[in-house]
Amino acid sequence: GNSVTQMEGPVTLSEEAFLTINCTYTATGYPSLFWYVQYPGEGLQLLLKATKADDKGSNKGFEATYRKETTSFHLEKGSVQVSDSAVYFCALREGRRALTFGSGTRLQVQP
Amino acid sequence: NAGVTQTPKFQVLKTGQSMTLQCAQDMNHEYMSWYRQDPGMGLRLIHYSVGAGITDQGEVPNGYNVSRSTTEDFPLRLLSAAPSQTSVYFCASSEGVGNQPQHFGDGTRLSIL
């Protein structure tokens, strides 16, 4: 079956530091890949997506590239802010199936 | 611009009680699903529906029932609540194809005593 593996958190960074959150996946076919963000007390919001190999998704300074050869979709941001503190979920979707989520990575950004 | 609306936001139940978590979407999405979120486990799929009148089980369906009589609504029923069902529940909807993201409600925080 499909699965998503994320690096465990929490990840603690100082403001303006570079962020990488690793995500790898296993899928039987050709999934679309997503990053969702969950702020405290809220639901999940789509952050970015990529639907085929070598696609780069980007939003709010975050980027992730769909790497089929390494089955990865790592999330990066060049300079994090305190407001980026949240839990980040990597997910995949294949065909008409529901999303398969990773376990989430908590990011804490300190001023 | 409602999107996906879940009610209630919070609920406390006693073991053995039953209740229905409501979910409604106004985007005419075919696909709807229910997840539960537990610490350190991400989101796990309970049930899903690919259209009105069609439902199927996800990863953790035991203890939950669903129905889909309309495109807009997808209620989740707990028939006899157990402490293991204490969790945060999220409803989501999307268009049917796989490259479309799911849109999430704000969640229902459920505690079973």
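Located above this text is the structure these notes cover.
Residues numbered from 1 in each chain as written. Chains lettered and ligands numbered in written order. Predicted model: local features only at pLDDT ≥ 70, side-chain atom pairs only at ≥ 80, totals over all residues. Heavy atoms only, no water.

Take the state of the cysteines next. The full count for this structure, using the stated rule, is 2 disulfides over all chains. Across a sulfur-sulfur distance of 2.0 Å, A:Cys23 and A:Cys90 are joined as a disulfide pair. Looking down the S-S bond of the A:Cys23 and A:Cys90 bridge, the torsion is -70 degrees, so its handedness is left-handed. One end of the pair, A:Cys23, is in strand 4 (residues 23–26); the other, A:Cys90, is in strand 10 (residues 86–93), with 67 residues separating them in the sequence. As far as burial versus exposure is concerned, A:Cys23 and A:Cys90 are alike and both buried. Residue pairing for B:Cys23: its cysteine sulfur links by disulfide to B:Cys91, the two sulfurs lying 1.9 Å apart. For the disulfide bridge between B:Cys23 and B:Cys91, the dihedral angle about the S-S bond is near -70 degrees, and by the sign convention the bridge is left-handed. Here B:Cys91 lies in strand 9 (residues 87–94) and B:Cys23 lies in strand 3 (residues 19–25), a separation of 68 residues in the sequence. Both residues of the pair, B:Cys23 and B:Cys91, count as buried. (Disulfide = S-S within 2.5 Å. Helix = DSSP H or I, 4+ residues; strand = E, 2+ residues; numbered from the N terminus. Buried < 20%, exposed > 50% of the residue type's maximum accessible area, 1.4 Å probe, protein only.)

Another point: the sheet that holds strand 7 (residues 56–59) of chain A. Residues and elements named next belong to chain A. Strand order across the open sheet formed by 4 strands is 3-9-8-7, with antiparallel pairing between neighbours. Unpaired on one side and paired on the other, strand 3 (19–21) and strand 7 mark the two borders of the sheet. Between one strand axis and the next, the sheet turns by 15 degrees as a mean value, whatever way the strands run. (Pairing = 2+ DSSP bridges. Axes fitted to C-alpha atoms, helices over the stretch in contact; angles between N-to-C directions.)

Attention shifts here to the pairing of strand 7 of chain A. Residue and element names in this part refer to chain A. In this sheet, strand 8 (residues 62–65) lies alongside strand 7 in antiparallel orientation, the contact comprising 4 bridges. Its bridge partner being in strand 8, Asn59 is matched across the sheet by Phe62. What sits between strand 7 and strand 8 in their antiparallel hairpin is a turn of 2 residues, with Lys60 showing a positive phi close to 55 degrees.

Attention now moves to the sheet that holds strand 8 (residues 76–78) of chain B. All names here are of chain B. Across the sheet, which stays open at both edges, the 4 strands sit in the order 1-3-8-7 with antiparallel pairing between neighbours. Two strands close off the open sheet at either side, each with one partner strand: strand 1 (4–7) and strand 7 (64–66). Strand-to-strand, the axes of this sheet are offset by a mean angle of 20 degrees, without reference to chain direction. As defined by bridge partners, strand 7 adjoins strand 8 across 3 bridges and the pair is classed as antiparallel. Pairing of Asn65 across the sheet is with Arg77, part of strand 8.

What follows covers the side chain of B:Gln6. All names here are of chain B. Tracing the chain through its elements places Gln6 in strand 1. Here the side chain of Gln6 touches Tyr89 through a polar contact of 3.0 Å, landing on its backbone oxygen. Sequence-distant contacts of Gln6, that is, excluding residues within four places in its chain, are made with Gln22, Trp34, Tyr89, Phe90, Cys91, Gly105, Asp106, Gly107 and Thr108. (Polar contact = N/O pair within 3.5 Å; in protein donor to acceptor, adjacent residues only side chain to side chain. Contact = heavy atoms within 4.5 Å.)

A few words now on the packing of aromatic side chains. Using the criterion set out here, one finds 11 aromatic pairs over all chains in the structure. Ring geometry for B:Tyr31 against B:Tyr48: centres 5.8 Å apart, planes inclined by 10 degrees, an arrangement best described as stacked. Of this pair, B:Tyr31 sits in strand 4 (residues 31–37) while B:Tyr48 sits in strand 5 (residues 43–51); the two residues are 17 residues apart in sequence, bridging distant segments of the chain. In terms of burial, B:Tyr31 and B:Tyr48 fall into one category: buried. Counting every residue linked through ring pairs, the aromatic cluster contains A:Phe34, A:Tyr36, A:Phe89, A:Phe101, B:Tyr35 and B:Phe104. Stacked on the ring of B:Tyr31, the Lys or Arg A:Arg93 has its end atom at 4.6 Å from the ring centre. When the ring centre of B:Phe74 is taken as reference, the NZ or CZ atom of B:Arg68 above it lies at 6.0 Å. (Phe/Tyr/Trp six-rings, centres within 6.5 Å; stacked < 30°, edge-to-face > 60°. Lys NZ or Arg CZ within 6 Å of the ring centre and 35° of its normal.)

The next thing to look at is the nonpolar core. With 26 residues, the main nonpolar core has A:Leu19, A:Trp35, A:Leu48, A:Phe73, A:Leu75 and A:Tyr88 as its most contacted residues. Broken down by element, this core gets its largest block of residues, 4 residues, from strand 10 of chain A. In contact with A:Tyr88, other than residues within four places in its own chain, are A:Gln6, A:Ile21, A:Trp35, A:Tyr36, A:Val37, A:Leu47, A:Phe62, A:Leu75, A:Gly104, A:Thr105 and A:Leu107. Core analysis: the next-biggest nonpolar cluster, separate from the first, contains 19 residues, B:Met19, B:Met32, B:Val60 and B:Tyr64 among them. (Core = buried A, V, L, I, M, F, W, Y, C linked by side-chain atoms within 4.5 Å.)

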